[in-house]
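Spelled out, the chains give:
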Amino acid sequence: EEEKREGGGGGGDAPGDGEDVKTEIVDGVARVNGDKTYQAQIYVPRQGVTHRPGQKPVTLCIRGPSRASKQDCEGDADKLLDAYKEGGIKKVREVRTVLNKDAGRGGW
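Residues numbered from 1 in each chain as written. Predicted model: local features only at pLDDT ≥ 70, side-chain atom pairs only at ≥ 80, totals over all residues. Heavy atoms only, no water.

*Asks:* Let's hear about the packing of aromatic side chains: which residues, and what values?
*Replies:* All chains considered together, the criterion is met by 0 aromatic pairs. Taking the ring centre of Y43 as reference, the NZ or CZ of K22 above it sits at 4.9 Å. (Phe/Tyr/Trp six-rings, centres within 6.5 Å; stacked < 30°, edge-to-face > 60°. Lys NZ or Arg CZ within 6 Å of the ring centre and 35° of its normal.)

Listed below in structure tokens is the structure:
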């Protein structure tokens, strides 16, 4: 089950308006006890890529931590999108690290 949201964008490390960005909530890996988990993902334009006419844009997927609640993942997706609008891919990675630490996972 996936839940998708379109955002606005610019590319790479530059802040964007989110136009070329997409976030979604996907099913995560089930916990050992069988409980479902969910994960927020954001797809952002890859920096430094030259597009040829008709070529599909190259995107980078950055994932948030696994969560037991879909609602928590929706909050993660919003934070990742806001981070992209504020500071591009670099800011998204910083926010992902904070989210992972808050969820009890080490940073990457």
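Here the narrative resumes.
*Asks:* Tell me about the nonpolar core, residues and numbers included.
*Replies:* Counting 18 residues, the largest nonpolar core has I42, V44, L80, Y84 and V92 as its most contacted members. Those elements that place two or more of their residues in this core are β3 (38-45), β4 (59-67) and α1 (70-102). Excluding residues that lie within four positions of it along the chain, V92 makes contacts with I42, I62, L80, A83 and Y84. (Core = buried A, V, L, I, M, F, W, Y, C linked by side-chain atoms within 4.5 Å. Buried < 20%, exposed > 50% of the residue type's maximum accessible area, 1.4 Å probe, protein only. Helix = DSSP H or I, 4+ residues; strand = E, 2+ residues; numbered from the N terminus. Contact = heavy atoms within 4.5 Å.)

*Asks:* Help me get a handle on the confidence of the model for the protein chain, residues and values and all.
*Replies:* When pLDDT is averaged along the protein chain, the result is 83; 79% of the residues meet or exceed 70. The low-confidence segment residues 5-11, where pLDDT is below 50, has 33 contacts with residues more than four positions distant or belonging to other chains. (pLDDT = per-residue confidence, 0-100.)

*Asks:* Give me the lowdown on the pattern of salt bridges, citing residues and values where you can.
*Replies:* As enumerated under the stated definition, the model contains 3 salt bridges in all. Between K91 and E86 there is a salt bridge, and its shortest N-O distance comes to 3.5 Å. Close ionic contact of E94 with K91 constitutes a salt bridge, the shortest N to O distance being 3.9 Å. Taken together, the residues E94 and K91, both in helix α1 and 3 residues apart, mark about one turn of the helix. One salt-bridge network, in which partners are shared between bridges, spans E86, K91 and E94. (Salt bridge = Lys/Arg side-chain N within 4 Å of Asp/Glu carboxyl O.)

*Asks:* Explain α1 to me, and be specific about the residues and the numbers.
*Replies:* Along its 33 residues, α1 runs just 16 Å from first to last C-alpha, ending more than 12% under the 48 Å computed at 1.5 Å per residue. The largest bend along α1 measures about 135° and falls at G87. One side-chain oxygen at the N-terminal end of α1 lies 3.1 Å from the backbone nitrogen of Q71; it belongs to S69. Directly beyond the C-terminal end of α1, a positive phi value near 90° is found at G104. (Expected span 1.5 Å × (residues − 1). Bend = angle between axes of the 7 residues up to and from the residue. Polar contact = N/O pair within 3.5 Å; in protein donor to acceptor, adjacent residues only side chain to side chain.)

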